[in-house]
Amino acid sequence: MSLYSRDKAIIALSDGTVEHGYAIGKKGTTGGELCFNTSMVGYQEIFTDPSYYGQLMMMTYPHIGNYGTMSRDDEARRVMIAGLIVRSFSWEHSNSQADGNLQQYLERNEVVGITGIDTRKLVRHIRSKGVMNAVISSDELDEERLVQKARDWDDMVGLELATEVTRDEPQTVHSDGPFKVAAFDYGIKQSIIDNFVKRGCTLRIFPAKGDFREELEQWNPDGFFFSNGPGDPDATAKYALDIVDYAKETGKPIFGICLGHQLMALSEGISTKKMFVGHRGANHPVKNLDTGLVEITTQNHGFAVDEEALDESRVDITHKNLNDGTIEGLRFKNFPGISVQYHPEASPGPHDSRYLFNQFMDMIKEGKKEMA
Ligand SMILES: NC(=O)CC[C@H](N)C(=O)O
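A quick note: this is a predicted structure, and the numbers were derived from the prediction, not measured.

Peer 1: Outline the pairing of strand E17 (residues 315-321), supporting the account with residue identities and numerical values.
Peer 2: Counting buried positions along E17 gives 5 out of 7 residues, so the element sits mostly inside the fold. The sheet contact formed by strand E15 (residues 272-288) and E17 spans 3 bridges and is antiparallel. Bridging across to E17, Val286 finds its partner in Asn321. Across 5 bridges, the pairing between E17 and strand E18 (residues 327-332) is antiparallel. Paired with Asp316 across the strands is Arg331, a residue of E18.

As structure tokens, this is what we get:
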């Protein structure tokens, strides 16, 4: 496709809403759950966040592509979003550090997208009607057929997607520090790995599925980490709780982010629920109930721990979202564990919540002292 495409494209929602625009990225047809992200920067980190696997990404910031792409900004080896919707696509970029332009990046990663869309209107629509599926197409422009396709698309509820994005084999990421953390990869972001390595943790990263008990016994980690990831936490829990339970039995500190947080709650019998509209952006206010302080956080989730299912003999709520009151963090009472629904690695986003990695490191240091 030449730069400055004027090839037509359509986005069709499962409720019959149709909008016309122009093709970006690869020509073709794609579909998924229609999400929106309100971050003003960090589009490349968002597109490569494995938790977005299977979702169409609508950016509310209107100007996307203006600073190009840089390979060091990737959160994973490939683009994970299923499609892209923007208001005003930048066919050209201006950034002395960029190593490419977004159109070429999207084409190389085979991402189908659409520009020229009134994203503010579509976001308001989803916010009033609730999250739904959609289809983007630049090779088939029949509105009715595309709406039907959106209706037929798999529902996110019940979808198991972590095995689509996890690694095939365990991998060790070394640091020069003394700590060993076993991390479970349901779609782990590179910036989470970097945050551990920076704090002196050598990580042994395990695939989502498999029996690694024997290897874990031998390696004897100082702590466990359960990662972020795509899909319905209930569907991942069907196989993942086995290893969460193992980690709990060891008595070592456990930390969970996003999907990992949801899995830890599920392992204590506390259910999750699909949200009316998810949280995706880099300015969500969260209150730390231990300190009373408010942190501005990066978020990306469509499910949440159900407050009604909370069991106070098993968990304390440590963090709450100030926009809608949903649970954002838990401390576990029957094992040394903390977890947050949001993203302390904040890539992109403000660094207010990085202290959570330090808090986990303190738990690990404490645990090692007790063992000595
Ligand atoms: N970032 C994540 O780990 C997302 C978790 C889960 N897939 C959700 O949407 O709620």
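Peer 1: Let's hear about the UniProt feature "binding site: L-glutamine" (unreviewed entry) in the protein chain: which residues, and what values?
Peer 2: The sites that carry the UniProt feature "binding site: L-glutamine" (unreviewed entry) are, in the present numbering, Ser51, Gly229, Gly231, Leu259, Gln262, Asn300, Gly302 and Phe303. Spatially, the listed residues are clustered: although they cover 253 residues, their C-alpha atoms lie within 13.1 Å of one another. Examined against the element boundaries, Leu259 turns out to sit in helix H9 (residues 259-267). What Leu259 contacts, discounting residues up to four positions off in sequence, is Tyr186, Ser227, Asn228, Gly229, Pro230, Pro233 and Thr236. As for its position among the elements, Asn300 is in strand E16 (residues 294-305). Classification of Asn300 as buried rests on a relative accessible area of 6%. Every residue in contact with Asn300, bar those within four places of it in the chain, is listed here: Asp49, Ser51, Tyr52, Cys258, His279, Arg280 and His343.

Peer 1: Any chance you could break down the site of the ligand for me, citing the residues and the numbers?
Peer 2: The ligand sits among 13 residues. The nearest are Gly229, Gly231, Asn300, Gly302 and Phe303. The contact in question runs from an oxygen atom of the ligand to an N or O atom on the side chain of Gln262, over 3.0 Å. The backbone of Gly302 places a nitrogen or oxygen atom 2.8 Å from an oxygen atom of the ligand. Here the ligand, which alone exposes 300 Å², has 97% of that area covered by the protein. Listing elements by their share of the shell around the ligand, those giving two or more residues are H9 and E16. Examining the composition of the shell around the ligand, we find that 4 residues originate from one element, E16, more than from any other. Taken together, the residues of the shell around the ligand sort by class into 4 nonpolar, 9 polar and no charged.

Peer 1: Lay out the nonpolar core with the relevant residues and their values.
Peer 2: Core analysis: the largest hydrophobic core is formed by 34 residues, its most contacted members being Phe184, Tyr186, Leu216, Phe224, Phe226 and Leu263. Breaking this core down by element, the ones donating at least two residues are strand E11 (179-185), helix H7 (213-219), strand E13 (223-226), helix H8 (233-250), H9, E17 and E18. Counting residues per element, this core draws most heavily on H8, which supplies 8 residues. In this structure, Ile188, Ile257, Val340 and Phe360 belong to the second largest nonpolar core, which totals 24 residues.

Peer 1: Tell me about the pairing of E18, residues and numbers included.
Peer 2: Within E18, 5 of the 6 residues are buried, which leaves the element mostly enclosed by the surrounding structure. Taken together, the 4 bridges between E18 and strand E19 (residues 337-340) define a ladder with antiparallel strand orientation. Within the sheet, the bridge partner assigned to Leu330 lies in E19 and is Ser339.

Peer 1: With reference to specific residues and values, describe the domain arrangement of the protein chain.
Peer 2: Domain annotation for the protein chain reports domain 1 (8-152) and domain 2 (162-371). The C-alpha-based centres of domain 1 and domain 2 are spaced at 28 Å. Every contact between the two is made by 26 residues of domain 1 and, on the other side, 22 residues of domain 2. Roughly 1900 Å² of surface becomes buried between domain 1 and domain 2 when both sides are summed, with 50% attributable to carbon and sulfur atoms. For the salt bridge of Lys274 with Glu33, the shortest nitrogen-to-oxygen distance reads 2.6 Å. Taken together, the links from domain 1 to domain 2 amount to 11 residue pairs in polar contact (both at pLDDT 80 or more). At the level of elements, strand E3 (29-37), helix H1 (43-47) and helix H3 (119-129) are the ones that each hand at least two residues to the side of domain 1 that touches domain 2. Looking at side-chain class alone, the side of domain 1 that touches domain 2 contains 10 nonpolar, 8 polar and 8 charged residues.

Peer 1: So what's going on with unusual backbone geometry? Which residues, and what values?
Peer 2: For the peptide bond that leads from Ser347 to Pro348, omega is 10°, which places it in the cis range. A positive phi angle, close to 60°, is found at Cys258, a residue other than glycine. Judged by its relative accessible area of 3%, Cys258 is buried. With a phi angle near 40°, Ala346 is a residue other than glycine that sits in the positive phi range. Given the relative accessible area of 4%, Ala346 is considered buried.

Thresholds applied
Residue positions are given per chain, counted from 1 along the sequence in the order it is written. Only residues with pLDDT of 70 or above have their local features reported here, since the model is predicted, and side-chain atom pairs are shown and tallied only from 80 upward, although totals for entire chains, interfaces and linings are computed over all residues. The side-chain values count all of the structure's non-hydrogen atoms but skip hydrogen atoms and water molecules. Only protein chains enter the accessibility calculation, which uses a 1.4 Å probe. A residue is then buried if its area is under 20% of the maximum for its type, exposed if over 50%, and partly exposed in between. A run of H or I in DSSP becomes a helix once it reaches four residues, and a run of E becomes a strand once it reaches two; helices and strands are each numbered from the N terminus. Strand pairing follows a simple DSSP-based rule, namely that at least 2 bridges must link the two strands. UniProt positions are given in the numbering used here, feature names are shortened, and annotations may be inferred rather than shown by experiment. Only heavy atoms enter the contact rule, under which two residues are in contact if any of them lie within 4.5 Å. We call a residue near a molecule or strand as soon as one heavy atom of that residue lies within 4 Å of the molecule or strand. Residues adjacent in sequence count toward polar contacts only when both atoms are side-chain atoms; beyond that, a polar contact is any pair of N or O atoms within 3.5 Å, and within protein one must be able to donate a hydrogen and the other to accept it. With residues, only the protein chains shown are counted as cover, and all accessible areas are computed by Shrake-Rupley using a 1.4 Å probe. Gly falls in the polar group here, along with every residue not listed as nonpolar (Ala, Val, Leu, Ile, Met, Phe, Trp, Tyr, Cys, Pro) or charged (Asp, Glu, Lys, Arg). By nonpolar core we mean a set of buried residues, namely Ala, Val, Leu, Ile, Met, Phe, Trp, Tyr and Cys, connected to one another through side-chain atoms within 4.5 Å. Domain start and stop points were drawn from an automatic or database domain assignment. Defined here as a combined quantity, buried area equals the accessible surface (1.4 Å probe) lost by two parts on assembly, summed across both. By convention in these notes, a salt bridge is any Lys or Arg side-chain nitrogen within 4 Å of a carboxyl oxygen on Asp or Glu.

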